[in-house]
Amino acid sequence: MQINSKLPSLYLRIAIGSAYLWEVADRLGILGANGQPHVGWGDWAHFIAYARTVLSFLPAGLIPFLGVLATLGEGIFGALILMGLFTRVAAIGSGILSLCFAVSMAISFGIESPLGYSVFTLSAASFLLATLPDYKWSVDGLRVKK
């Protein structure tokens, strides 16, 4: 049985990549200031304050570093997945990163938080993307053709 994964692969890439890039843009203030419609954090300070609550079980001194690391991961994985460049590796990284988010949220807020915000779903979708046989309409797809 042959499975056509062209459109689902593209859909996964767009959904995962754009979600990560949206969150990075939000915490960098690109989407507007805190308190405006459709803005979650609006700036780095509000994001770090949230990160402190999510990671309340870790030493406070680690939080800014982990916030930078998470933001870099989301930005890099989001861009790579959206372009379809090194998709398999970026999807695995995305799956691990989002699983870490989900576990941290579950520890700090209870299991309903990562379930309600579909963070486990993001992790599972990322791992699923990593298992697909190829990535049509991507830089990876173009590189394979050559």
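Scroll up for the structure.
Everything numeric in this text was worked out from a predicted model, so none of it was measured.

Undergrad: How would you summarise the side chain of Ser-98 if you had to cite specific residues and measurements?
TA: Here Ser-98 lies in helix H4 (residues 87-109). Within polar-contact distance, the side chain of Ser-98 engages the backbone oxygen of Ser-94 at 2.7 Å. One polar contact links the side chain of Ser-98 to the main-chain carbonyl oxygen of Gly-95, over a distance of 3.3 Å.

Undergrad: An account of the pattern of salt bridges is requested, with residue identities and associated values reported.
TA: Following the criterion strictly, the structure yields three salt bridges and no others. In this structure, Asp-140 and Arg-143 form a salt bridge, with 3.2 Å as the shortest nitrogen-oxygen distance. Of this pair, Asp-140 and Arg-143 both sit in helix H7 (residues 139-145), separated by three residues, roughly a single helical turn. A residue is classified by how much of its surface remains accessible, and Asp-140, at 12% relative accessible area, is buried. Its relative accessible area of 45% is what places Arg-143 among the partly exposed residues.

Undergrad: Explain the packing of H4 against helix H6 (residues 119-131) to me, using residue names and the numbers behind them.
TA: Contact geometry for H4 and H6: axes closest at 8 Å, N-to-C directions at 160 degrees. Comparing their axes, H6 and H4 come out roughly antiparallel. Relative to H6, the crossing made by H4 is left-handed. Along the contact surface, H4 presents Thr-87, Arg-88, Ala-91, Ile-92, Ser-94, Gly-95, Ile-96, Ser-98, Leu-99, Phe-101, Ala-102 and Met-105, while H6 presents Val-119, Phe-120, Leu-122, Ser-123, Ser-126, Phe-127, Leu-129, Ala-130 and Thr-131. Residue composition of the contact of H4 with H6, grouped by class: 13 nonpolar, seven polar and one charged.

Undergrad: Can you tell me about the packing of helix H1 (residues 6-27) against H6, naming the residues and giving the values?
TA: For the pair H1 and H6, the least separation of the axes is 10 Å and the interaxial angle reads 135 degrees. Taken together, the axes of H1 and H6 lie oblique to each other. Note that H1 runs across H6; the crossing there is left-handed. Along the contact surface, H1 presents Ser-9, Leu-12, Arg-13, Ile-16 and Tyr-20, while H6 presents Leu-122, Ala-125, Ser-126, Leu-128 and Leu-129. For the contact of H1 with H6, the residue count by class is seven nonpolar, two polar and one charged.

Undergrad: Before we move on, can you summarise a nonpolar patch on the surface with the specific residues and values?
TA: On the surface, Phe-57, Ile-92, Ile-96, Leu-99, Val-103, Ile-107 and Phe-127 cluster together into a nonpolar patch covering about 580 Å² of accessible area. For the nonpolar patch, the element with the highest residue contribution is H4, accounting for five residues. Inspection of the secondary structure assignment puts Phe-57 in the loop between helix H2 (44-54) and helix H3 (63-83).

Undergrad: Any details on the environment of Gly-67? Residues and values, ideally.
TA: Assignment of secondary structure puts Gly-67 in helix H3. For Gly-67, a relative accessible area of 3% gives the class buried. Sequence separation between Gly-67 and Phe-109 is 42 residues; the distance between their C-alpha atoms is 18 Å. Filtering out sequence-adjacent residues up to four positions away, Gly-67 remains in contact with Trp-44, Phe-47 and Ile-48.

Here is what the cut-offs are and how they apply
- Residues numbered from 1 in each chain as written.
- Predicted model: local features only at pLDDT ≥ 70, side-chain atom pairs only at ≥ 80, totals over all residues.
- Heavy atoms only, no water.
- Helix = DSSP H or I, 4+ residues; strand = E, 2+ residues; numbered from the N terminus.
- Polar contact = N/O pair within 3.5 Å; in protein donor to acceptor, adjacent residues only side chain to side chain.
- Salt bridge = Lys/Arg side-chain N within 4 Å of Asp/Glu carboxyl O.
- Buried < 20%, exposed > 50% of the residue type's maximum accessible area, 1.4 Å probe, protein only.
- Axes fitted to C-alpha atoms, helices over the stretch in contact; angles between N-to-C directions.
- Parallel < 35°, antiparallel > 145°, perpendicular 65-115°, else oblique.
- Left-handed = near helix turned anticlockwise from the far one by under 90°.
- Contact = heavy atoms within 4.5 Å.
- Nonpolar A, V, L, I, M, F, W, Y, C, P; charged D, E, K, R; others polar.
- Patch = residues over 30% accessible without salt bridge, like charges linked within 9 Å, V, L, I, M, F, W, Y side chains within 5 Å.
- Areas by Shrake-Rupley, 256 points an atom, 1.4 Å probe, with all protein chains shown as cover.

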